[in-house]
Amino acid sequence: MSSTFTPADDLRVAHALADAAASHSMRLFRTPLDVISKADESPVTQADRAAEAAMREILGAECPADGIYGEEHGLERVDAERVWVLDPIDGTRSFITGSPLWGTLIGLLRHGRVELGMVDMPVLGERWIGQAGAGAQRNGQAVRVSGCAAVAEARIVTTSPDIFDAADWAAFDRLSRRCAMRRFGGDCYGYAQLAGGTIDLVVETGLQPYDYLGPTGLIEAAGGIVTDWQGRPLGLQSDGRVVAAATRELHRQALDLLAA
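Keep in mind that this is a model prediction, so the values were computed, not measured.

Q: Just checking my understanding: could you explain the sheet that holds strand E1 (residues 67-70) for this structure?
A: Paired through their backbone hydrogen bonds, the strands of a sheet run either parallel or antiparallel. Reading across the sheet, the 8 strands line up as E2-E1-E3-E4-E5-E6-E7-E8 and stay open at both edges, with mixed pairing between neighbours. Among the strands making up the open sheet, the edge pair consists of strand E2 (74-76) and strand E8 (141-143). Between one strand axis and the next, the sheet turns through 20 degrees on average, direction left out of account. Pairing geometry for strand E5 (residues 113-121) and strand E6 (residues 126-131), over 6 bridges, is antiparallel. The partner of leucine 116 across the bridge, within E6, is glutamine 131. Sheet contacts for helix H6 (residues 189-196): E5, E6 and E8; angle to E6, the most-contacted strand, approximately 65 degrees.

Here is the structure:
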């Protein structure tokens, strides 16, 4: 049964999943990609699908009772006790433009709560992983969120202004202009930076569970807090709005400014 898996077992499987995804995605990175004319059958999509298929093959062999929520190949047994959430290439625009800021996101939920989260950055050679009760690491070295407790001192990041609708952008703009620094374009790496203490806030919208649940597990293990814009825990049914913060004080201030 899935409940017999130890945290060490889960970590071993997560590493195997990330290795499998990287073996497919790195072959096509910075190669000619005709993404416009090929639309959904573009090489980058083929890399996504091949990587996720390889990840699912590993899960089928290692933990066949577990559920899977993947970006490319849909849902399997998502009512299971444990569910793996997979995004083989997060940051497709970075991938097709040759930017290194794309990654593989892996989350493991048990009874709906994240127990393990990974942000793997193959081009950078950085693997960030967190497990509930065991802390977070980058390439085996312990990492922790910053102690920033005030918006005025915070460094905030989001992927792009284009992800927001008008109302959400107004809210983000209101919050981010109160921060010490705001940056754009991080994709999933912003969440890793938050876990490592060099970014204090990540605020986004329009995300899917495979975009935010892996990073949630990492950041929570590093001592941070991640919720939706109403302060509710994230899960498979969340609305895609994410606020990740280094401290509860900073998180509370961010929520207040977003709702102002």
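Q: Is there a simple way to explain the packing of aromatic side chains in this structure?
A: What describes a pair of aromatic rings is the distance from one ring centre to the other and the angle between the planes of the rings. Under the criterion given, the structure shown has 10 aromatic pairs. Taking 6.4 Å as the distance between ring centres and 50 degrees as the angle between the ring planes, the aromatic pair formed by tyrosine 69 and tyrosine 210 counts as tilted. With tyrosine 69 in strand E1 and tyrosine 210 in helix H7 (residues 209-221), the pair connects residues that are 141 residues apart, well separated along the chain. What makes tyrosine 69 buried here is its relative accessible area of 14%. Relative to tryptophan 102, the ring of phenylalanine 95 lies with its centre 4.9 Å away and its plane at 70 degrees, an arrangement referred to as edge-to-face.

Q: Any chance you could explain the pairing of strand E4 (residues 103-110) here in plain terms?
A: For a regular strand, side-chain orientation follows a simple rule: the groups alternate between the two sheet faces. Extensive coverage of E4 is indicated by the burial of 7 of its 8 residues. In terms of strand pairing, strand E3 (residues 82-90) meets E4 through 7 bridges, oriented antiparallel. By the bridge assignment, aspartate 87 is partnered in E4 with leucine 105. Between the end of E4 and the start of E5, which pair antiparallel, lie 2 residues, with histidine 111 showing a positive phi angle near 50 degrees.

Reading the values: the criteria
- Residues numbered from 1 in each chain as written.
- Predicted model: local features only at pLDDT ≥ 70, side-chain atom pairs only at ≥ 80, totals over all residues.
- Heavy atoms only, no water.
- Pairing = 2+ DSSP bridges.
- Helix = DSSP H or I, 4+ residues; strand = E, 2+ residues; numbered from the N terminus.
- Axes fitted to C-alpha atoms, helices over the stretch in contact; angles between N-to-C directions.
- Contact = heavy atoms within 4.5 Å.
- Phe/Tyr/Trp six-rings, centres within 6.5 Å; stacked < 30°, edge-to-face > 60°.
- Buried < 20%, exposed > 50% of the residue type's maximum accessible area, 1.4 Å probe, protein only.

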